[in-house]
Amino acid sequence: MEQLSEIQFKKFRDLIYDASGMHFSEINRPILESRLKERLRKANLESVDDYYTLITKSDEELKILLDAVTTNLTSFFRNKVHFTGFENGVIEDLKKVKKDKTIRLWSAGCSTGEEPYSLAMVLKDKLPDWKIEIVASDISFNVLMKAREGYYPKARVVGIPPEYLKRFMTEVGDGYSIKDEIKNIITFDYHNLKNEPSFKKFDIVFCRNVIIYFDAKAQEDVINGFYNSMTNHSYLFIGHSESLFGMKTKFIFTKFDETCLYMKKEGV
Ligand SMILES: C[S@@+](CC[C@H](N)C(=O)[O-])C[C@H]1O[C@@H](n2cnc3c(N)ncnc32)[C@H](O)[C@@H]1O
């Protein structure tokens, strides 16, 4: 593939942004170029312009490109301090508030599943007689496939507390499989945070290390979309290097010990 010209770079950058919210700045240009190169090779195309024409005509190919440019780094029990606040703050508070004993959680940008599976283990443990529903979504078909499979090599399960590993996973070959009692409470779905309507009525939303790749406008839209998809007494977790500072949003900043998170509190 030839090097991207200034015009070509801007065309791809804008199209990816419009379709997904992911913003490629000049610094990230080499990443975009290398992922495009790989895609062109797989699509058997030489010319970048031909590929651009293809993605403007084919929704399928656009989705494949978006998948190819995502960053999917994740791990079980990532950012331990969030889990401390989740267990000791959020769950304890919702136990007092939710008389119907049901809990709905959305892991938005769930990557290969480590985040929703970690949260499911904690909820199953702490709320044994509750109805637990988790929706886990991503824009990448590849990661969703791996997440649904729920099989992880030994090196990837290191963050899981030993008692959870024993209780909720089965050793298979060189790795571990998630047991059905955890799998069954999670629905993995394709969902694009930029352009698709939100799911509804969540008590908790986790969207960590996702909006970091968006520009300010797309971040604000996504965050306010979450607000509308949450119940009147609910909690939002974002990544520890992300913030709602400077955004026009009704979320209230709150803290449980060391854990920083946001709350929606309306009419209660
Ligand atoms: C770095 S991973 C974060 C995974 C997990 N939340 C965590 O913190 O460990 C970011 C994920 O966001 C997804 N993503 C990026 N843009 C998205 C969009 N517009 N809609 C839905 N998911 C998106 C990517 O495919 C990727 O899997």
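Our subject is the structure that appears above.
Small disclaimer: the values here were computed from a predicted structure and weren't measured.

**As for the overall build of the chain**
Then, number 1: Along the backbone of the chain there are 10 helices and 10 strands.
Then, number 2: Relative to the globule expectation of 18 Å for 268 residues, the C-alpha radius of gyration of the chain, 20 Å, shows essentially globular dimensions.
Then, number 3: For the chain, the spread of C-alpha atoms along the principal axes amounts to about 60 × 50 × 30 Å.
Then, number 4: Scored against the burial criterion, the 268 residues of the chain give a buried share of 33%.

**Observations concerning the pairing of strand S8 (residues 230–238)**
Then, number 1: Judged from the 5 bridges that link them, strand S7 (residues 202–207) and S8 form a sheet pairing that is parallel. In the sheet register, Cys 207 faces S8, and the bridge partner there is Ile 238.
Then, number 2: Remark: the S7/helix H10 (residues 216–228)/S8 crossover connection has right-handed handedness.
Then, number 3: Summarising the sheet, S8 and strand S10 (residues 259–265) pair through 4 bridges and their orientation is antiparallel. Across the sheet, the residue bridging to His 233 is Lys 265, located in S10.

**A short note on the sheet that holds strand S4 (residues 169–172)**
Then, number 1: Across the sheet, which stays open at both edges, the 3 strands sit in the order S3-S5-S4 with antiparallel pairing between neighbours. Of all strands in the sheet, those bounded by a partner on one side alone are strand S3 (151–153) and S4. Strand after strand, the sheet turns through a mean of 30 degrees between neighbouring axes, direction not considered.
Then, number 2: Here 4 bridges tie S4 to strand S5 (residues 175–178), and the two strands are oriented antiparallel to one another. In the sheet register, Thr 170 faces S5, and the bridge partner there is Ser 177.

Conventions used here
- Residues numbered from 1 in each chain as written.
- Predicted model: local features only at pLDDT ≥ 70, side-chain atom pairs only at ≥ 80, totals over all residues.
- Helix = DSSP H or I, 4+ residues; strand = E, 2+ residues; numbered from the N terminus.
- Rg over C-alpha atoms; globule rule 2.2 N^0.38 Å.
- Buried ≥ 20, exposed ≤ 12 C-beta atoms within 10 Å, placed from the backbone.
- Pairing = 2+ DSSP bridges.
- Right-handed = clockwise from strand over helix to strand, strands pointing away.
- Axes fitted to C-alpha atoms, helices over the stretch in contact; angles between N-to-C directions.

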